[in-house]
Amino acid sequence: MISSIPKWVGNLFEDTLRPNVKIIASSYLSPQMKLIRFQGDISNMSFRIGYANVIRVSETEFRNYTVAYYDSKNGVLDIIFHIHRKGVGSLYIDSLDVNDELYISPPRGKKLFSPDIKQQVFFGDETSIGLACSALPTLKRNKHQYRFLFELEDENRNVPLLLGLENVTVFSKKDTFRNDKWVSDLSIFKTGDWKDASFVLTGNVKSVQTFRKVLKDKTTGKIRAQGYWLEGKKGL
Ligand SMILES: Cc1cc2nc3c(=O)[nH]c(=O)nc-3n(C[C@H](O)[C@H](O)[C@H](O)COP(=O)(O)OP(=O)(O)OC[C@H]3O[C@@H](n4cnc5c(N)ncnc54)[C@H](O)[C@@H]3O)c2cc1C
């Protein structure tokens, strides 16, 4: 996925990449988590669980974000941003306010959801909360058994509940999902019920890799993994 383009390419596509949505509401769910509601013509957008939209965060830089909620009739969509303040995207989103206008691409990407599987486990971090929100109505409607496992900074641990997510377990980021042994001892592996579940792993690349490795040994379930960011790497 391209995260930056040369300036001359940006100039060439300036018409296509010009602002297509306006911010109509914005709030902080914690000092590091920002929920923004955009409005615009989203009639050409086709949303799927696991898809992401690219936001133009500077003249030449683009970053991926997941639509947590949308209402095509009223041209409205919500995105939940992790404001980690270490990159151009995060700083740009932090600076945005009501009435600001920006460019958001149509969604595209990986289909992470397997609706035919009864048990569904979603693992991730702050960057995965939007994905969980986008999946929740479908999980409820289809009467899936589901669990959300999040590794979060302490200051963000109440955010899933604030957003109305259910069946949530929050873990600290300290010394947890980087440790195979610790992951193998998770309670989800202690009963046979979740052996054949669908596991959707997103968020920090290293945590996703560790969890995936353990799952491969411990379950016969379907594993779909997509790292959303990697320490030290710009614009995954
Ligand atoms: C398919 C997909 C869907 C995504 N959905 C969302 C979403 O809904 N909400 C969301 O907030 N993010 C989401 N992300 C993650 C987001 O695109 C990345 O976090 C992106 O790197 C942020 O860009 P940046 O310019 O702020 O930082 P970059 O310029 O990319 O990186 C600068 C530095 O910040 C670090 N960094 C990047 N992200 C984080 C982070 N989350 N926490 C701590 N350090 C970080 C990098 O390791 C690097 O050292 C998604 C990513 C993908 C691939």
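Residues numbered from 1 in each chain as written. Predicted model: local features only at pLDDT ≥ 70, side-chain atom pairs only at ≥ 80, totals over all residues. Heavy atoms only, no water.

## Section: the pairing of strand β9 (residues 119–124)
The test is simple: Categorising residues by exposure relies on relative accessible area from a 1.4 Å probe, with only protein chains included: less than 20% of the type maximum marks a residue as buried, more than 50% marks it as exposed, and the intermediate range marks it as partly exposed. Starting at the N terminus, helices and strands are each numbered in turn, a helix being any DSSP run of H or I of at least four residues and a strand any DSSP run of E of at least two. The pairing criterion for strands is at least two bridges between them, as found by DSSP. By convention, orient the strands away from the viewer: a clockwise path from the first strand over the helix to the second makes the crossover right-handed.
Burial of β9 is extensive: six of the six residues sit out of reach of the surface. What you see with β9 is no split at all: Q119, V121 and F123 on one side and Q120, F122 and G124 on the other are buried throughout. Sheet analysis places β9 next to strand β10 (residues 145–152), joined by six bridges and oriented parallel. Bridge pairing in β10 links V121 to R147. Handedness of the crossover is the feature at issue here: the chain leaves β9, passes through helix α3 (residues 129–141), returns alongside β10, and the resulting connection is right-handed.

## Overview of the sheet that holds β10
Which entries qualify depends on this criterion: Lines fitted to the C-alpha atoms define the axes, with helices restricted to the stretch that makes contact. Angles between their N-to-C directions range from 0 to 180 degrees. Contacts were defined at the residue level, with two residues in contact if any of their heavy atoms lie within 4.5 Å.
The strand order across the open sheet formed by five strands is β11-β10-β9-β12-β13, and the pairing between neighbours is parallel. On the outer flanks of this sheet lie β11 (168–172) and β13 (222–229), each paired with one strand and no other. Taken over all neighbouring pairs, the strand axes of this sheet differ in orientation by 15° on average, direction set aside. Along the sheet face, α3 touches β9, β10, β12 (198–204) and β13 and points at about 170° away from the line of β10.

## Concerning helix α6 (residues 205–218)
As a reminder, the rule being used: Helix span, as expected, comes to 1.5 Å for every residue beyond the first. Contacts described as polar in this section are N or O atom pairs within 3.5 Å, which, within protein, must combine one atom able to donate a hydrogen with one able to accept it, while residues neighboring in sequence count only if both atoms come from side chains.
When the terminal C-alpha atoms of α6 are compared, their 20 Å separation across 14 residues agrees well with the 20 Å that a helix rising 1.5 Å per residue should span. Those residues of α6 not exposed but buried are V205, S207, V208, T210, F211, V214 and L215. Of the surrounding secondary structure, the elements contacted by the buried residues of α6 are β9, β10, α5 (180–184), β12 and β13. Of the residues that open α6, the one with a side-chain oxygen 2.8 Å from the backbone nitrogen of K206 is N204.

## Topic: the domain arrangement of the chain
This is how it is decided: Where a domain begins and ends is set by an automatic assignment or by a domain database. Buried area adds together the accessible area that both of two parts lose upon being put together, with accessible area traced by a 1.4 Å probe. Salt-bridge detection follows one rule: a side-chain nitrogen of Lys or Arg within 4 Å of a carboxyl oxygen of Asp or Glu. Residues are grouped as follows: nonpolar covers Ala, Val, Leu, Ile, Met, Phe, Trp, Tyr, Cys and Pro; charged covers Asp, Glu, Lys and Arg; every other residue, Gly included, is treated as polar.
The assigned domain composition of the chain is domain 1 (7–108) and domain 2 (112–229). Counting from both sides, the interface comprises 12 residues of domain 1 and, opposite them, 20 residues of domain 2. Summed over both sides, the interface between domain 1 and domain 2 buries roughly 1,400 Å², with carbon and sulfur atoms accounting for 66% of that surface. Inspection of the region where domain 1 meets domain 2 yields zero salt bridges. The interface formed by domain 1 and domain 2 holds four residue pairs in polar contact (both at pLDDT 80 or more) in total. Secondary structure elements with two or more residues in the side of domain 1 that touches domain 2: β1 (21–30), β5 (67–71) and β6 (76–82). Of the residues in the side of domain 1 that touches domain 2, the class split is seven nonpolar, five polar and no charged.

## Overview of the side chain of S198
Within the fold, S198 resides in strand β12. For S198, a relative accessible area of 0% gives the class buried.

## Considering the environment of V54
Turning to its location among the elements, V54 is positioned in strand β3 (residues 51–56). Expressed as a C-alpha distance, the spacing of V54 and Y103, which sit 49 residues apart in the sequence, is 8.3 Å.

## Overview of the pattern of salt bridges
Opposite charge on two side chains allows them to pair when their charged atoms are near. For the coordinates displayed, the defined rule picks out 12 salt bridges. For the salt bridge of K140 with E166, the shortest nitrogen-to-oxygen distance reads 3.2 Å. Pair noted here: K140 is in helix α3 and E166 is in the loop between α4 (159–162) and β11, with a separation of 26 residues, a long-range link. The class for K140 is partly exposed, based on a relative accessible area of 41%. A salt bridge links K206 to E231; its shortest N-O distance comes to 3.9 Å. Highlighted residues: K206 in helix α6 and E231 in the segment after β13, separated in sequence by 25 residues. Here K206 falls in the partly exposed class, since its relative accessible area comes to 39%.

## Overview of α3
Where we set the bar: For a residue, the bend is simply the angle between two axes, fitted respectively to the seven-residue segment ending there and the seven-residue segment starting there.
Compared with an ideal rise of 1.5 Å per residue, which puts 13 residues at 18 Å, α3 spans 19 Å between its outermost C-alpha atoms and is within 8% of the ideal. Along its length, α3 shows its largest kink, about 35°, at A135, and proline P137 lies within four residues downstream of that point. In terms of burial, α3 is largely enclosed, as 10 of its 13 residues are buried. Among the residues of α3, those classed as buried are I129, G130, L131, A132, C133, S134, A135, L136, T138 and L139. Two residues or fewer past α3, K143 is found with a positive phi of approximately 55°.

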